[in-house]
Protein chains: 2
Amino acid sequence: MELGIGLFGLGTVGTGVVKILQQNAPQITERTGANLVVRHAVVHNLNKKRTGFVQDFPITDQPADILNNPDIQIVVEVMGGVSGAYDIIKQAITAKKHVVTANKDLIASHGQELANLANENGVDLYYEAAVAGGIPILRTLATSFTADEITRVAGIINGTSNFILTQMASNGLTYENALALAQEKGFAEADPTNDVAGFDAAYKLIILSNFAFGVQPVLGDVSISGITNLTDLDIEDAQSFGYGIKLLGVAQRVGDSNNAISIEVAPHLVPFDHPLATVHNENNAVLVNGESVGEVMLYGPGAGEMPTANSVLSDLTNVATNYTPGKPFNTFNQNLDLAKPSQRVARRFVVVDVADTPGAMYSVTGMFTSAKISFTDLKQTPAKNGYARLVALTYPASDAQLNVIKTTIRNADGINLVSEYKIFS
Amino acid sequence: MELGIGLFGLGTVGTGVVKILQQNAPQITERTGANLVVRHAVVHNLNKKRTGFVQDFPITDQPADILNNPDIQIVVEVMGGVSGAYDIIKQAITAKKHVVTANKDLIASHGQELANLANENGVDLYYEAAVAGGIPILRTLATSFTADEITRVAGIINGTSNFILTQMASNGLTYENALALAQEKGFAEADPTNDVAGFDAAYKLIILSNFAFGVQPVLGDVSISGITNLTDLDIEDAQSFGYGIKLLGVAQRVGDSNNAISIEVAPHLVPFDHPLATVHNENNAVLVNGESVGEVMLYGPGAGEMPTANSVLSDLTNVATNYTPGKPFNTFNQNLDLAKPSQRVARRFVVVDVADTPGAMYSVTGMFTSAKISFTDLKQTPAKNGYARLVALTYPASDAQLNVIKTTIRNADGINLVSEYKIFS
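Keep in mind that this is a model prediction, so the values were computed, not measured.

Trainee: Just checking my understanding: could you explain the sheet that holds strand β6 (residues 125-126) of chain B for this structure?
Mentor: Through backbone hydrogen bonds, the strands of a sheet pair up, either in parallel or in antiparallel fashion. Residues and elements named next belong to chain B. Across the sheet, six strands lie side by side as β3-β2-β1-β4-β5-β6; this open sheet has parallel pairing. In this open sheet, the two edge strands, each paired with only one partner strand, are β3 (59-60) and β6. Inspection of the sheet shows strand β1 (residues 2-8) paired to strand β2 (residues 35-42) by seven bridges, in the parallel sense. The residue bridging Ile5 from the neighbouring strand is Val38, located in β2. Of the strands in this sheet, β1, β4 (74-77), β5 (98-101) and β6 are in contact with helix α4 (residues 83-94), which crosses β5 at around 155°.

The following block contains the structure:
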């Protein structure tokens with residue numbers, strides 16, 4: 001059997017896909033029973049010099065060259081962007097072509113609609129590369145944890161912010177210097193907002209939530225905070241209590257009957273001896289907790305030409321061996337309520353600046369007592385500019401309780417909230 | 001569609017399988033399109049009290065009750081042992097029943113023969129639970145790294161020995177006390193040989209090698225050494241250089257053209273900041289290096305009722321959704337030579353006791369120089385009973401070179417080889 005591939009996009013990932021297809025062709029054919037052959041690529045810029053592979057297929061800038069080609073059975077979309085890719089994938093599916101994409105923004109926002117369309121047209125729509133680069137987390141959730149009740153999926157799923165946090169923690173860089181280094185190394189874009197503000201992680205967490213819990217959240221369902229306000233002082237203080245700080249995407253069942261779901265991207269304190277704490281620099285990891293399986297973690301490269309291309313290839317080989325075309329990548333659907341603030345409960349790391357005046361600390365502890373938040377650990381460092389820095393670790397408290405204390409602090413004189421992060425356990 | 005299941009064995013894992021099937025029945029049916037129903041269990045001891053599930057199926061001690069039952073389409077073998085299980089699985093396959101087993105010894109020794117038989121009979125033979133308990137490593141190798149060239153699979157795949165090593169390293173226990181604690185907690189058997197001498201890990205490594213490299217090694221192809229000779233002093237010395245000691249199963253391509261394979265179970269030094277170093281107690285982890293994917297690690301529980309049962313369930317749900325019955329779990333076959341000692345190259349941790357006499361150290365360093373082994377680090381501790389302990393870390397050296405130095409030392413007076421382990425990187 002020969003399967004023709006049409007590539008939309010021939011940048012980093014697209015080039016990696018062609019390289020693997022060419023270099024490992026005999027092995028792929030032996031293991032799948034199919035010859036996977038690139039028949040055409042469509043790109044934006046025809047003048048760009050392309051190297052690293054044998055160009056034995058035409059390259060044009062006309063989508064119709066792929067969409068109308070009857071010898072192309074699989075469309076690989078690795079050009080990025082949402083609206084253009086959406087149109088092309090829709091047309092490809094309607095033309096009864098299987099689609100493999102690495103486009104997380106598109107899948108997070110239109111995944112269900114496109115999956116339904118693919119199902120109607122009897123073609124596959126796979127997107128392993130959309131989440132956590134080379135880590136095969138989506139296929140694992142779909143095929144290995146099918147029978148389990150997943151209670152939490154938590155991950156370091158943005159390599160840029162993890163690189164920045166690692167450099168701050170290990171090499172003592174400030175946020176600004178760590179960001180500059182990430183940009184220099186090509187891990188962060190000139191405008192890093194999408195990564196450092198948590199949006200990239202939120203898109204990936206939406207897709208993970210769909211596979212782990214069968215829910216279909218939209219961006220507005222995700223509580224998002226990034227790492228832009230994190231200081232080296234926060235990291236030092238966390239370290240002094242035995243914790244690192246990581247930007248985590250956390251989707252978990254909460255509530256008394258476990259039928260609400262909390263979906264959150266935020267910096268978290270992670271104990272040094274937790275497997276997630278050892279995930280450094282641009283690497284990613286996804287932790288899965290299931291009623292049966294317990295705790296499992298998948299660790300690996302979160303981006304990069306060849307790891308991401310390998311995830312595209314895993315989709316291609318699964319298209320080639322799938323005898324039930326149209327069966328959705330994820331077949332799990334269930335209804336869960338969105339968690340209320342009172343249902344998001346965790347221990348906290350809270351930092352406040354307190355005016356260095358008699359009775360100030362008494363008044364602060366009184367505020368926490370009113371909000372029914374108790375401390376497990378406290379550290380006060382000497383006053384600077386008339387303010388003392390108070391770092392507190394708390395017993396479990398809900399977002400609702402934290403909202404109370406935040407309001408109280410905002411309305412009080414002589415006390416400012418500096419930082420507040422959940423402690424992951 | 002309804003699929004009837006016949007269970008051979010209703011011990012820890014078998015009970016876990018029934019629990020999951022009963023508790024998560026609606027979800028399993030929704031996601032697979034099939035009702036998976038236990039129709040019969042065959043056990044050795046009919047008098048044993050069994051709890052934790054609703055017994056809505058007959059339990060007998062006659063294999064024929066399952067093998068001749070036309071309403072049973074899938075046989076789950078979780079009774080253990082090789083010869084009895086071999087006969088039953090062969091009969092089940094010949095009776096055109098799909099087989100799911102957790103039996104690593106059986107698969108490591110008869111896997112290929114049984115896979116061929118299953119293929120001829122058009123039924124599935126899956127065994128995810130045979131390697132690394134709850135970690136879905138086999139299916140990941142089969143379906144996500146199909147197109148990649150794997151260069152190494154390395155893992156902590158024996159929970160018992162990892163528990164012992166963790167207790168020695170973290171709590172300062174001697175080997176004997178750590179083993180006693182493992183036995184007390186049920187992690188080690190009364191006769192722990194199979195685990196601590198490395199045989200259990202070797203069986204799992206044979207199966208991993210089959211999936212990662214397409215080879216079919218036998219036990220004699222695996223170089224095996226266990227943890228029985230490891231001392232707390234070795235662990236302390238390794239720690240002083242920044243390493244932990246882990247029992248690793250390592251299968252890797254070696255040689256100039258990368259077409260030989262080295263398959264080895266042995267204690268290795270692992271740098272503290274390596275992901276494998278953070279795998280503690282009874283947990284397992286498998287590290288995969290691929291030309292494309294780079295380095296990926298799967299971490300999780302290596303044993304236990306529910307994690308292992310979840311792996312059996314992943315096989316069952318894959319049987320239920322597989323429309324190409326008989327397609328082998330692993331479709332990868334290739335020929336690689338077994339590595340020669342000269343092709344097994346690694347940095348080393350070498351400990352020798354040297355007589356505390358003038359010129360002794362000069363003579364020792366002369367021996368290493370003759371074997372062309374150079375040191376990166378040296379540590380000599382004061383003599384006790386007339387012998388000094390010399391700990392050396394070396395530059396990369398082959399097993400052939402180490403064999404030379406071992407012979408030299410054996411034939412020399414005033415020097416004894418205490419320990420020799422590879423350093424993993």
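Trainee: Would you take a moment to explain the packing of helix α7 (residues 159-171) of chain A against helix α11 (residues 232-240) of chain A for this structure?
Mentor: Angle between the axes and distance between the axes are the two parameters that describe a pair of packed helices. Residues and elements named next belong to chain A. Where α7 meets α11, the axes come as close as 10 Å, and the angle between the chain directions of the two elements is 65°. When the interaxial angle is binned, α7 and α11 end up roughly perpendicular. The crossing of α7 and α11 is right-handed. Within the contact between the two elements, α7 uses Leu165, Met168 and Ala169 and α11 uses Asp232, Ile235 and Gln239.

Trainee: Explain the UniProt feature "active site" (unreviewed entry) in chain A here, please?
Mentor: Residue and element names in this part refer to chain A. In this numbering, the UniProt entry assigns the feature "active site" (unreviewed entry) to Lys204. Considering the arrangement of structural elements, one finds Lys204 in helix α10 (residues 199-213). Those residues in contact with Lys204 that lie beyond four places of it in its chain are Lys104, Ala130, Val131, Ala132, Ile157 and Asn158. A polar side-chain atom of Lys204 sits 2.7 Å from the main-chain carbonyl oxygen of Ile157.

Trainee: Help me understand the interface of chain B and chain A in this model?
Mentor: A common way to state how big an interface is: give the accessible area lost once the parts meet. Across the contact, 47 residues belong to chain B and 47 residues belong to chain A. Taken together, the links from chain B to chain A amount to zero salt bridges. For the interface between chain B and chain A, the tally reads 13 residue pairs in polar contact (both at pLDDT 80 or more). Of all elements in the fold, only α2 (25-32), α6 (137-143), β12 (294-301) and α12 (305-321) of chain B reach the threshold of two or more residues within the side of chain B that touches chain A. When residues of the side of chain B that touches chain A are assigned to their parent elements, the largest contribution, eight residues, is made by α12(B). In terms of residue class, the side of chain B that touches chain A is built from 20 nonpolar, 20 polar and seven charged.

Trainee: How should I be thinking about the UniProt feature "binding site: NADPH" (unreviewed entry) in chain A in this particular structure?
Mentor: All names here are of chain A. As annotated by UniProt and renumbered to match this structure, "binding site: NADPH" (unreviewed entry) occupies Lys104. Within the secondary structure layout, Lys104 lies in helix α5 (residues 104-121). Once residues lying within four places of it in the same chain are set aside, the contact partners of Lys104 are Ala130, Asp200, Tyr203, Lys204 and Ile207.

What counts and what doesn't
- Throughout, a residue's number is its position along its own chain's written sequence, starting from 1.
- Labels follow written order: the first chain is A, the first ligand is 1, and so on.
- For a predicted model such as this one, the threshold for reporting local features is a pLDDT of at least 70, and the threshold for listing and counting side-chain atom pairs is 80 or more; totals across whole chains, interfaces and linings nevertheless cover every residue.
- Hydrogens and water are ignored here; the side-chain numbers use all heavy atoms of the structure.
- Paired strands, in this sense, are two strands between which DSSP finds at least two bridges.
- Secondary structure follows DSSP: runs of H or I at least 4 residues long count as helices, runs of E at least 2 residues long count as strands, and numbering of each begins at the N terminus.
- Note on contacts: a residue pair is in contact if any heavy atoms of the two residues lie within 4.5 Å.
- Axis geometry follows a simple rule: fit a line to the C-alpha atoms, using only the stretch in contact for helices, then measure angles between N-to-C directions, giving values from 0 to 180 degrees.
- By definition in this entry, angles of less than 35 degrees are roughly parallel, angles greater than 145 are roughly antiparallel, angles of 65 to 115 are roughly perpendicular, and the rest are oblique.
- Note: crossing handedness is left-handed where the near helix turns anticlockwise from the far helix by less than a right angle, and right-handed where it turns clockwise.
- UniProt positions are given in the numbering used here, feature names are shortened, and annotations may be inferred rather than shown by experiment.
- The definition of a polar contact used here is a pair of N or O atoms within 3.5 Å, where within protein one atom must be able to donate a hydrogen and the other to accept one, and adjacent residues in sequence count solely through side-chain atom pairs.
- Salt bridges are defined as contacts in which a side-chain nitrogen from Lys or Arg sits within 4 Å of a carboxyl oxygen from Asp or Glu.
- Only Asp, Glu, Lys and Arg are considered charged, only Ala, Val, Leu, Ile, Met, Phe, Trp, Tyr, Cys and Pro nonpolar, and every remaining residue, Gly among them, polar.

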